[in-house]
Amino acid sequence: MKSQGVFIAFEGPDGAGTTTQIEYLKQFLMNAGLDCETFRQPSGGEIGQYLRQCLSGRVRFHSERHRDWVMGLLFAADRLCQSDQEIRPIIEGGTWALCDRYTLSSLVYQGADGLEDDIRQLNRFAPEPDILFYLDVPPEVALARVNARGQSKEIFETKDAIEQQVKRYRALIKTLPAARVHRLDGQKSIEAIHQEVCGAIQPFLERQ
Ligand code: TMP
């Protein structure tokens with residue numbers, strides 16, 4: 001019988017390089033003959049599309065706290081729909097699922113100003129990833145990468161927001177179970193980080 005797939009999430013501030021690492025890992029897994037699918041949050045579904053509008057700044061909120069609460073609710077709903085309808089079924093069928101951002105993003109981006117416990121509650125039904133990779137980069141590096149993209153900026157891609165993200169990621173990551181979380185130095189080369197990722201998933205590969 002085919003064994004269960006593995007659920008892997010990548011996290012990090014804007015500009016950390018999660019999307020690149022996911023593409024590298026997907027290729028690696030497919031070369032190893034494994035079935036693999038990638039996901040991103042916000043999703044491409046209706047709630048995810050509305051969240052993209054919020055991220056672009058086109059949706060107005062009367063305060064930052066109100067925005068954090070509304071977006072926290074929407075991200076949790078988007079995540080639950082995606083995990084229930086797409087991620088969980090493929091994992092049960094033996095496919096590996098790689099997710100670009102997950103619940104930690106909500107705690108970092110929406111959980112400031114005393115909303116952390118509420119955000120945790122909203123996300124309590126989201127399945128835990130088997131492995132969480134956190135790409136750590138200093139705020140100035142993250143900001144330089146975001147600026148280098150030359151695209152129109154989303155609301156969390158400012159200097160102040162990125163400084164806050166890095167601070168919150170670094171604090172929250174320490175509270176998570178060390179066995180599941182791998183901190184990666186996002187300033188290393190893409191290839192060097194990818195090799196560390198491959199090393200960390202080895203025990204799961206051996207179980208397949
Ligand atoms: P990205 O697709 O470039 O990673 O952008 C997603 C943006 O959405 C990024 O700024 C982080 C933000 N975000 C949240 O604020 N809360 C969440 O729960 C998630 C998943 C993403």
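In the block above lies the structure referred to throughout.
Everything numeric here is computed off the predicted structure, so don't read it as measured data.

Conventions and cut-offs
- Residues numbered from 1 in each chain as written.
- Predicted model: local features only at pLDDT ≥ 70, side-chain atom pairs only at ≥ 80, totals over all residues.
- Heavy atoms only, no water.
- Near = heavy atom within 4 Å.
- Polar contact = N/O pair within 3.5 Å; in protein donor to acceptor, adjacent residues only side chain to side chain.
- Areas by Shrake-Rupley, 256 points an atom, 1.4 Å probe, with all protein chains shown as cover.
- Helix = DSSP H or I, 4+ residues; strand = E, 2+ residues; numbered from the N terminus.
- Buried < 20%, exposed > 50% of the residue type's maximum accessible area, 1.4 Å probe, protein only.
- Pairing = 2+ DSSP bridges.
- Axes fitted to C-alpha atoms, helices over the stretch in contact; angles between N-to-C directions.

Novice: Would you explain the site of the ligand in this entry?
Specialist: Around the ligand, the structure places 15 residues, and the nearest of them are Arg40, Arg52, Arg101, Ser106 and Gln110. The separation between an oxygen atom of the ligand and a polar side-chain atom of Arg79 is 2.9 Å. Residue Gln110 places a side-chain N or O atom 2.8 Å away from an oxygen atom belonging to the ligand. Expressed as a share of its isolated accessible area of 480 Å², the protein-covered part of the ligand is 94%. Elements that contribute at least two residues to the shell around the ligand include exactly helix H2 (46-56), helix H3 (64-92) and helix H4 (103-109).

Novice: What's the story with the environment of Ala32 in this structure? I'm lost.
Specialist: Looking at where Ala32 falls in the secondary structure, it is placed in the loop between helix H1 (18-31) and strand E2 (36-40). Since its relative accessible area comes to 49%, Ala32 is described here as partly exposed.

Novice: Would you mind going over the sheet that holds strand E4 (residues 131-136) with me for this structure?
Specialist: Within a sheet, each strand pairs with its neighbour through backbone hydrogen bonds, oriented either parallel or antiparallel. The five strands lie next to each other as E2-E3-E1-E4-E5, forming an open sheet whose pairing is parallel. The sheet terminates laterally at E2 and strand E5 (181-185), the two strands that pair on one side only. The mean inter-strand angle of the sheet, taken between neighbouring strand axes irrespective of direction, is 20 degrees.

Novice: Looking at this structure, I do not really get unusual backbone geometry. What am I missing?
Specialist: Most peptide bonds adopt trans geometry, and most residues besides glycine take a negative phi value. Gln41 connects to Pro42 through a cis peptide bond whose omega is 5 degrees. With respect to the element layout, Pro42 can be found in the loop between E2 and H2. The phi angle at Arg101 is positive, at roughly 85 degrees, despite the residue not being glycine. Locating Arg101 in the fold gives a position in the loop between strand E3 (96-100) and H4. A residue is classified by how much of its surface remains accessible, and Arg101, at 15% relative accessible area, is buried. Of note, Asp113 is a non-glycine position whose phi angle comes to about 55 degrees, a positive value.

It is worth stressing that arrangement in space is one thing and function is another; only the former is reported here.
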